[in-house]
Structures are given as structure tokens and as C-alpha cells.
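Inside the fold
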Amino acid sequence: MDLDKFRRRLLALEDELRQRIEREVESARQTIDEQPAASDQSVVDELKEESFLLADNDRALLAQVRAALKRIEDGTFGRCVVDGGPIEEKRLEAVPWTQYCVKHQEQLEQTAALHTPKL
Ligand SMILES: [Zn+2]
């Protein structure tokens, strides 16, 4: 496996995410500042929540990217954290920060779906 290739991709992604989070937080601040005092507070709250939520998703992804970089350093990159088995290289190409093989990712999603209340 070409670890260097994955490291480069992850580092580029880390950089991109960091910049995007900064922009999202900044634009959330600006949106809030630009609201005229008379405007509907609930609209401001909504905008604020939306931007911070976006930043939150990126923060979660950034944490995963950093964990993957650490696994490259540790020499455990490309191994499923559940059973230590190899993660399919195609899967790593698509999602280089993944910590699960296809089998365990599917199991995880099924479990999550079971615990998500349906409306
Ligand atoms: Zn697995």
C-alpha cells in the first residue's frame, strides 16, 4: 500500500477542513453581526445554528482525518479497528480516513439505524 499517497491526501484534506471551519465560523459571526437589531431573532438563531452545524460536521471529519494520520504514524493505517483485518484498498481510496472494513461499517450503520427512533 502506498502510505505516502494516503498521507498526502489526508494532510491536504486536513488543511482544507481547517480553512473551511475558520470560514464557516467567521461567516456565522458576520451574519449575526449584520442582522439589523429589529430583525426577527429566530431567523438569526436559525442562521447561526446552520453555520455552526456545518462547522461541527467538518470538525468531526477533521478529527477522523487526524486520527487516520496518527494511524499512519503508528503503522495501523488500513486496518479495521474492530478485528484488525485489512480494509479494502478501494474503500481507502474513497474514504481514506475510515477505520472500519466494509463488513463492520455496515454492521455499525445497521446498529445506528436500529437505535435511531423513527417518526
Ligand atoms: Zn472489520
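Residues numbered from 1 in each chain as written. Predicted model: local features only at pLDDT ≥ 70, side-chain atom pairs only at ≥ 80, totals over all residues. Heavy atoms only, no water.

**Examining the coordination of the zinc ion**
Distances from the zinc ion to its protein donors, namely Cys-80 (SG), Cys-101 (SG) and His-104 (ND1), fall within the range 1.8 to 2.3 Å. Between consecutive donors of the zinc ion, the numbers of intervening residues give the motif C-x20-C-x2-H. One end of the pair, Cys-80, is in the loop between helix 2 (41–74) and helix 3 (89–94); the other, His-104, is in helix 4 (residues 102–115), with 24 residues separating them in the sequence. Exposure class is identical for Cys-80 and His-104. Each is buried. (Donors = N, O, S within 2.8 Å, 3.2 Å for Na, K, Ca; no water. Helix = DSSP H or I, 4+ residues; strand = E, 2+ residues; numbered from the N terminus. Buried < 20%, exposed > 50% of the residue type's maximum accessible area, 1.4 Å probe, protein only.)

**A word on the domain arrangement of the chain**
In terms of domains, the chain is made up of domain 1 (1–77) and domain 2 (78–119). The C-alpha centroid of domain 2 is placed 22 Å from the C-alpha centroid of domain 1. On the domain 2 side, the residues contacting the 13 residues of domain 1 number 10 residues. Counting the surface domain 1 buries against domain 2, the share from its top three residues, Arg-9, Arg-71 and Phe-77, is 40%. (Domains from an automatic or database assignment. Contact = heavy atoms within 4.5 Å. Buried area = accessible area lost by both parts, 1.4 Å probe.)

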